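Here is how the chains run, residue by residue.
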Amino acid sequence: MPWTLISTRNETTPIARGGWLDGLRFIVAFLIILHHYQAAGPVPLAEIAHPVFERGGFLLTNFFLIDSGYVLMRVYGAAVGEGRMSPGDFFLKRVLRVAPAHLIMGVSLVVLVVLATALGAAPRNPEWFRWDQLPAQLLLVQAYGVHGGLGWNAPTWSISALIGCYLCFPWILRGLTRMGAWGSLGLGVGAYLIANQLCWSLTGYPVYQMPMGYGFLRALPLFLLGMCLARFAQTVWIAPRFAGWAGIAAFCGLALAQVFDKNALISLAMISIIILAAGAVPVHRPSKLVETAALVSFSMFISNEVIRIAWFGVVNVVVAQFALSTPVQWALWVGGVLTAVAFAFVFHFVIDDRIQSRIRAWLKVRRSRRAPSNSPAGVVASLEG
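Residues numbered from 1 in each chain as written. Predicted model: local features only at pLDDT ≥ 70, side-chain atom pairs only at ≥ 80, totals over all residues. Heavy atoms only, no water.

Two numbers describe how helix α1 (residues 20-37) lies on helix α4 (residues 57-81): the axes approach to 10 Å, and their chain directions differ by 150 degrees. In this view, α1 runs roughly antiparallel relative to α4, as classed from their interaxial angle. Crossing of α1 over α4 shows left-handed handedness. Seen from α1, the contacting residues are Leu21, Leu24, Arg25, Val28, Leu31, Ile32 and His35; seen from α4, they are Gly57, Leu60, Phe63, Asp67 and Tyr70. Within the contact of α1 with α4, the residues separate by chemical class into 8 nonpolar, 2 polar and 2 charged. (Axes fitted to C-alpha atoms, helices over the stretch in contact; angles between N-to-C directions. Helix = DSSP H or I, 4+ residues; strand = E, 2+ residues; numbered from the N terminus. Parallel < 35°, antiparallel > 145°, perpendicular 65-115°, else oblique. Left-handed = near helix turned anticlockwise from the far one by under 90°. Contact = heavy atoms within 4.5 Å. Nonpolar A, V, L, I, M, F, W, Y, C, P; charged D, E, K, R; others polar.)

Right, here's the structure in full:
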C-alpha cells in the first residue's frame, strides 16, 4: 500500500455533522429496529431472507459501542484532556443525555402493561414483564451483575453499560494521549483480543455474547477500541478517496463474511474500518436531513422495543380475531416498522429535544457559575454565552 495514502504530516479530517458518520448512525438504528421486529412477522425474516436478521444483533451492538467511543473521543477528547471540561461534567452531561428518555419510555411501558392487564389483555409472555426485573433496569444498573434487567425494555442494557464507559473515559483518555497513533490502535485491537480470550476461558462465552447482566464487561473493550480508532484518526491523515474505497471494501467484506457465519472477529475488523473510513471522508456539503436522522437515532433505539410491544400486542389480537391473510399480516408488520420510525421522530422533536435543550441551558449556567472568568472553562463559557 502506498504510504502517501496515510500520513502524519497532514492535518487530519475534522469530525462534522451531516456526513457519513451521521448517516451510518441512522442506518444502524433502523437495522436495530428490523432486528428487534424480524420475528414478529408471519414468518421470521431470518427464515425467509437470511440468518443475519436474527444473529445480526451482535453486529449492530458492536457498531453502536465502537461508534460511541469513537465519536465521544473525537468530540470531547480535547475538552476533557485539556481541562476545559472536567470528568465530572463530562459524566453528568452524558448521563443526562440518556437518562430522561430512558425513564420516560420505561415508565410508559409500565403504564402500558398495567392498563392492558386491567383491560383484560395481559401480555402473552408475562415472564418478560416480571416486576423484580424492573428496578435495576429503570436505574440503569442491570449491566453490572445486579439482579434484574431481563424483559421490559431489555435493549437498555447497552445504555447501562455505556454509563460505566463514561466513567472510564477520562482515565482511558489520559493513557491514550501519552501514546502514538499506531500504539493506540494496537492497544485497542490487543485489549479486545485479550478480553475476548479471557471471556472464553472464564465464562465459555466470547466477549460479544456475554450475558446482559455483565454487559459492562462486553461494552468496555469495544468502547476502548472506538476511542483508540479516534486517537488514530486524530493523528493520522488518511486520503479521502482511499478512505472511501476502504469503507466500501470493508462493507463488502462484512456482507461476505455474514453469508457464511458470524465470523465475529472478521466482522469486527470490517466494522472498525467502516467507522474509521467514514470519519476520514471530509463533509464538504453537510446534509441537514442526514444530521437530523442521526439525532433521531437515539430515540429510535430507546423507543422501538416499547412500540414493538404495543403495536404487535394489538396486531396479534386482531390477527387471531379476524383470521387476517398473510399479505395483510405483512402489511401490518411493515406498518409496525414505519410506526417505530415515525414515533421516534415525534418523540425526539416533541419531547427529547426539548428536555435536552433545557438540560444544555442548565449545564451552561452551572459551568459559568463555577468557572472563574479567566480560567479556560470560564473563557469557553463566556464565548458560548
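This next bit is on the packing of helix α5 (residues 87-118) against helix α13 (residues 326-370). Between α5 and α13, the shortest axis-to-axis distance is 10 Å and the interhelical angle comes to 150 degrees. Regarding the angle of α5 to α13, the classification is roughly antiparallel. Remark: the crossing between α5 and α13 carries right-handed chirality. Residues Asp89, Leu92, Lys93, Leu96, Arg97, Pro100, Ala101, Ile104 and Met105 of α5 touch α13, and the partners they reach there are Phe343, Phe347, Ile351, Asp352, Ile355, Gln356, Ile359, Trp362, Leu363, Arg366 and Arg370. A breakdown of the residues in the contact of α5 with α13 according to their chemical character gives 13 nonpolar, 1 polar and 6 charged.

Another point: the environment of Leu220. With respect to the secondary-structure elements, Leu220 resides in helix α9 (residues 215-235). The class of Leu220 is partly exposed, set by a relative accessible area of 24%. A C-alpha to C-alpha distance of 24 Å links Leu220 and Phe30, two positions 190 residues apart in sequence. (Buried < 20%, exposed > 50% of the residue type's maximum accessible area, 1.4 Å probe, protein only.)

All right, on to the pattern of salt bridges then. Counted by the stated rule, this structure contains 9 salt bridges. Linking Asp22 and Arg17 is a salt bridge whose minimum nitrogen-to-oxygen distance equals 3.1 Å. A relative accessible area of 4% means that Asp22 is categorised as buried. Given the relative accessible area of 35%, Arg17 is considered partly exposed. Its salt-bridge partner being Glu305, residue Arg308 comes within 2.7 Å of it at the nearest N-O pair. In this pair, Arg308 and Glu305 are both assigned in helix α12 (residues 288-322), 3 residues apart and thus about one turn of the helix distant. Residue class for Glu305 comes out buried when judged on its relative accessible area of 10%. (Salt bridge = Lys/Arg side-chain N within 4 Å of Asp/Glu carboxyl O.)

Taken together, the side chains of Val346, Phe349, Val350 and Ile351 make up a nonpolar region of the molecular surface, amounting to roughly 320 Å² of accessible area. Within the secondary structure layout, Phe349 lies in helix α13. (Patch = residues over 30% accessible without salt bridge, like charges linked within 9 Å, V, L, I, M, F, W, Y side chains within 5 Å. Areas by Shrake-Rupley, 256 points an atom, 1.4 Å probe, with all protein chains shown as cover.)

It is worth spelling out helix α8 (residues 181-203) at this point. Here α8 spans 33 Å end to end across 23 residues, near enough to the 33 Å set by a 1.5 Å rise per residue. When we look at burial in α8, the residues that qualify are Ala181, Ser184, Leu185, Gly188, Tyr192, Ala195, Asn196 and Cys199. Against α7 (157-176), α9 and α11 (264-280) lie the buried residues of α8. Positive phi appears at Gly204, one or two residues downstream of α8, with a value of about 85 degrees. (Expected span 1.5 Å × (residues − 1).)

A few words now on the nonpolar core. Core analysis: the biggest nonpolar cluster contains 83 residues, and Ile66, Tyr70, Phe90, Phe169 and Met227 have the highest contact counts within it. Leave out the neighbours within four places in its chain, and Phe90 touches Leu72, Tyr76, Val80, Met85, Tyr166 and Phe169. By size, the runner-up hydrophobic cluster in this structure holds 16 residues, among which are Tyr37, Met300, Trp333 and Val337. (Core = buried A, V, L, I, M, F, W, Y, C linked by side-chain atoms within 4.5 Å.)

Inspection of every chain in the model, using the stated rule, returns 12 aromatic pairs. Where Trp131 meets Trp152, the ring centres are 5.2 Å apart and the plane angle is 50 degrees; that geometry is what we call tilted. A residue pair is termed long-range when its members are at least 10 positions apart, and Trp131 in the loop between α5 and α6 (134-138) and Trp152 in the loop between α6 and α7 qualify at 21 residues. Trp152 sits in the buried class, given a relative accessible area of 3%. Measuring from centroid to centroid gives 5.6 Å for Trp330 and Trp333, while their planes differ by 80 degrees, and the two rings are edge-to-face. Placement of the pair is Trp330 and Trp333 together in helix α13, with a separation of 3 residues, close to one helical turn. The class of Trp330 is partly exposed, set by a relative accessible area of 23%. Under the relative-accessibility criterion, Trp333 is labelled buried at 9%. (Phe/Tyr/Trp six-rings, centres within 6.5 Å; stacked < 30°, edge-to-face > 60°.)

These values are about where atoms sit, not about what they do.
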